[in-house]
Amino acid sequence: IGFENGNLAEGYLPKADFYKVEAILRPWRLSHVTSALIKMGIRGVTVTDVRGFGAQGGSRERQAGSEFCEEAFVVKAKLDIVVSHDQVESVIDTIIDEARTGEIGDGKIFVSPVSDIIRVRTGERGLKAERMAGGRADILSTYTGTNGI
Ligand code: ATP
Ligand code: GLN
């Protein structure tokens, strides 16, 4: 179903107003990624220290020569970014641009629909809760004169 379709949001993701972009990345690329996200107006990001294994295995990045490398997981950084549907592809592009080295272990990005967002302070929901003052939508509407993408 739609694997040939490069546009994830319209290809085979369930339709939603908001999506969570979850990226597992090399920790030392994190500051590059977050700087670029901030520059494009992404103001809400959650970062978690995680460990895991994939094609890279558990040893190469930090345990070369260790007797215990079979058991070692690779330390990674996880970014969770919830954005409106129209911002998903640009967030993904920015993450890839800033995180990619071309070597095994660059990471992976997962995208999933988000049903609602609630701002605890105000009780706002949906788009009102997703929008951030001075965020990407504000920046783009300054340039275009509309609430553009
Ligand atoms: P307020 O205006 O009440 O401060 P806010 O929308 O700015 O609301 P915060 O309360 O500052 O939200 O956010 C708390 C935490 O929630 C942030 O530190 C961040 O980890 C996470 N967060 C906020 N928005 C997002 C988002 N869109 N995607 C991912 N994480 C987010
Ligand atoms: N989409 C929000 C805005 O344009 C920003 C969301 C975010 O920073 N995660 O204001």
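A few points on the structure. (Residues numbered from 1 in each chain as written. Chains lettered and ligands numbered in written order. Predicted model: local features only at pLDDT ≥ 70, side-chain atom pairs only at ≥ 80, totals over all residues. Heavy atoms only, no water.)

Okay, the overall build of the protein next. Per the secondary structure count, the protein includes 5 helices and 4 strands. For the protein, restricting intrachain contacts to residue pairs at least 6 apart in sequence, the fraction spanning at least 24 positions comes to 71%. As presented, the protein carries roughly 9,300 Å² of accessible surface, and 53% of it is formed by carbon and sulfur atoms. (Helix = DSSP H or I, 4+ residues; strand = E, 2+ residues; numbered from the N terminus. Contact = heavy atoms within 4.5 Å. Areas by Shrake-Rupley, 256 points an atom, 1.4 Å probe, with all protein chains shown as cover.)

So, on to the site of ligand 1. Near ligand 1 the following residues occur: Gly44, Val45, Thr46, Asp80, Ile81, Val82, Arg119, Arg121 and Met132. Here an oxygen atom of ligand 1 and a side-chain polar atom of Arg119 are 2.9 Å apart. Between Arg121 and ligand 1, the recorded distance is 2.6 Å, taken from a side-chain N or O atom to an oxygen atom. In the complex, 51% of the free accessible area of ligand 1, which totals 610 Å², lies under the protein chains. Here the shell around ligand 1 gets 3 residues from one element, more than from any other, and that element is strand β3 (residues 74-84). A per-class count over the shell around ligand 1 returns 4 nonpolar, 2 polar and 3 charged. (Near = heavy atom within 4 Å. Polar contact = N/O pair within 3.5 Å; in protein donor to acceptor, adjacent residues only side chain to side chain. Nonpolar A, V, L, I, M, F, W, Y, C, P; charged D, E, K, R; others polar.)

Near ligand 2 you find 13 residues, and of these Arg43, Gly44, Gln87, Glu130 and Ala137 are the closest. At 2.8 Å from an oxygen atom of ligand 2 is found a main-chain nitrogen or oxygen belonging to Gly44. Between Gln87 and ligand 2, the recorded distance is 2.6 Å, taken from a side-chain N or O atom to a nitrogen atom. In the complex, the protein chains occlude 98% of the 300 Å² of accessible area that ligand 2 would expose alone. When residues of the shell around ligand 2 are traced back to their parent elements, those giving at least two are β3 and α5 (136-144). Here the residues of the shell around ligand 2 are counted per class, giving 6 nonpolar, 3 polar and 4 charged.

Further remarks concern the packing of helix α2 (residues 30-39) against helix α3 (residues 88-99). For the pair α2 and α3, interaxial distance at closest approach is 8 Å and the crossing angle is 145 degrees. The two elements α2 and α3 cross, and the hand of that crossing is right-handed. For the pair formed by α2 and α3, the contact residues are His32, Val33, Ala36 and Leu37 on the first element and Val91, Thr94, Ile95, Glu98 and Ala99 on the second. Within the contact of α2 with α3, the residues separate by chemical class into 6 nonpolar, 2 polar and 1 charged. (Axes fitted to C-alpha atoms, helices over the stretch in contact; angles between N-to-C directions. Left-handed = near helix turned anticlockwise from the far one by under 90°.)

On to the sheet that holds strand β2 (residues 46-52). Each strand in a sheet pairs with another by means of backbone hydrogen bonds, the pair being arranged parallel or else antiparallel. Strand order in this open sheet of 4 strands is β2-β3-β1-β4, and the pairing throughout is antiparallel. Each edge of the sheet is formed by a strand with only one pairing partner; in this case those strands are β2 and β4 (107-114). Sheet twist, expressed as the average angle between the axes of neighbouring strands with direction ignored, equals 25 degrees. In the sheet, strand β1 (residues 18-25) pairs with β4 via 8 bridges, with the strands oriented antiparallel. For Ala23, the partnering residue across the bridge sits in β4 and is Ile109. Lying on the sheet, α2 is in contact with β1, β2 and β3; it crosses β3 at an angle near 10 degrees. Across the sheet, α3 lies against β1, β3 and β4, angled at about 10 degrees from β1, the strand it touches most. (Pairing = 2+ DSSP bridges.)

No statement about biological role is implied by the geometric values presented.
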